[in-house]
Amino acid sequence: MSQDAAVERTPNPASPADPAQIIVAGVDGSPTSWDAFSWAAGAASRSNGKLIVVYVMPFTDPAAIYGVPYDYAGAENLREEVASELKDEAELRAREIGISISFVTDYGDATQTLTDIARKVHATLVVVGRSAKMRHHLAGSLSHRLTCRKDAPVVVVVP
């Protein structure tokens with residue numbers, strides 16, 4: 001194949017016929033997730049793309065697993081409150097950058113949920129922050145599990 005043929009088949013990122021980039025960014029309120037949000041917001045701004053911010057809430061809490069008395073209604077209210085605070089913070093940061101976002105909350109495993117959402121919206125990129133917790137470096141982190149999947153390119157933002 002000649003060089004000219006390869007150039008002809010390579011899409012031009014500046015071409016108006018190309019669809020806008022759809023970026024999915026996972027946030028959990030940690031400093032590294034906000035670093036990932038900022039990186040994703042910058043990429044969305046530069047590409048005139050769409051940014052979908054995702055917060056994944058766990059189904060169960062450790063206290064429930066060990067049979068400790070647990071206030072499920074209180075935990076649900078706390079999860080919803082955290083999600084609301086994250087949404088408000090993400091919208092504030094997006095306004096400061098000059099972009100609009102979609103904010104999605106869901107329950108489940110973060111890896112599977114981010115992958116499902118990325119597939120559903122035909123994301124061109126998934127962005128997460130690298131975990132700063134030592135146990136995640138030993139046992140496997142969200143960023144590592146996502147990079148092992150083939151659903152969309154993954155950017156792991158390292159602080």
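A brief structural summary. Being a predicted model, the structure only gives us computed values, none of them experimental.

Along the protein chain, the regular secondary structure elements total seven helices and five strands. The helix and strand sequence of the protein chain, counted from the amino end, reads α-β-α-β-α-α-β-α-β-α-α-β. Taking the contacts inside the protein chain whose residues are at least 6 apart along the sequence as the reference set, 72% of them involve residues at least 24 apart.

Looking now at the nonpolar core. Formed by 24 residues in total, the largest nonpolar core has its most connected members in Ile23, Phe37, Leu51, Val53 and Val127. For this core, the leading source of residues is helix H2 (residues 31-47), giving seven residues. Setting aside residues no more than four positions away along its own chain, Val53 makes contact with Ala25, Val27, Phe37, Ala90, Ile101, Ser102, Phe103 and Val104. Core analysis: the second largest hydrophobic core is formed by ten residues, Val54, Val56, Ala118 and Ala123 among them.

Moving on to the packing of aromatic side chains. This model, assessed by the stated rule, comprises one aromatic pair. Their ring planes at 75 degrees and their centres at 5.6 Å tell us that Trp34 and Phe37 sit as a pair that is edge-to-face. Here the residue Trp34 and the residue Phe37 both occupy positions in helix H2, the gap between them amounting to three residues, near one helical turn. Across this residue pair, the class does not change: Trp34 and Phe37 are buried.

On a regular strand, one side chain projects to one face of the sheet and the next to the other, so that they alternate. Taken across its five residues, strand E4 (residues 125-129) has five buried, putting it largely inside the fold. In this structure, strand E1 (residues 22-26) lies alongside E4, joined through three bridges in parallel fashion. Paired with Ala25 across the two strands is Val127, which belongs to E4.

To continue, consider the sheet that holds strand E3 (residues 101-107). Pairing is parallel across the open sheet formed by five strands, whose spatial order is E3-E2-E1-E4-E5. Of all the strands in the sheet, just E3 and strand E5 (154-157) have a single pairing partner and so form its edges. With direction set aside, neighbouring strand axes in the sheet form an average angle of 25 degrees. Direction of pairing for E1 relative to strand E2 (residues 50-57): parallel, over a ladder of five bridges. The residue of E2 that forms the bridge with Ala25 is Val53. Contacting E1, E2, E4 and E5, H2 runs over the sheet at an angle of about 150 degrees to E4.

Scoring rules and cut-offs
- Throughout this document, residue positions are counted from 1 along each chain, in the order its sequence is written.
- Side-chain atom pairs in this predicted model are given and counted only at pLDDT of 80 or more, local residue features only at pLDDT of at least 70, and totals for whole chains, interfaces and linings cover all residues.
- Each side-chain value is worked out from all heavy atoms of the structure, with water and hydrogens disregarded.
- Secondary structure elements are taken from DSSP: a helix is a run of H or I of four residues or more, a strand is a run of E of two residues or more, and numbering for both begins at the N terminus.
- Residues count as neighbours in contact if any of their non-hydrogen atoms are within 4.5 Å of one another.
- In this text, buried Ala, Val, Leu, Ile, Met, Phe, Trp, Tyr and Cys residues form a nonpolar core when linked through side-chain atoms within 4.5 Å.
- The cut-offs for exposure are 20% and 50% of the maximum accessible area for each residue type, with area from a 1.4 Å probe on protein chains only; residues under the lower value are buried, those over the upper are exposed, and the others partly exposed.
- A pair of aromatic rings is counted whenever rings of Phe, Tyr or Trp (Trp by its six-membered ring) have centres within 6.5 Å, and the orientation is called stacked for planes under 30 degrees apart, edge-to-face for over 60 and tilted otherwise.
- By the convention used here, strands pair only if DSSP detects at least 2 bridges between them.
- Geometry is summarised by axes, namely lines fitted to C-alpha atoms with helices restricted to the contacting stretch, and by angles between N-to-C directions that run from 0 to 180 degrees.

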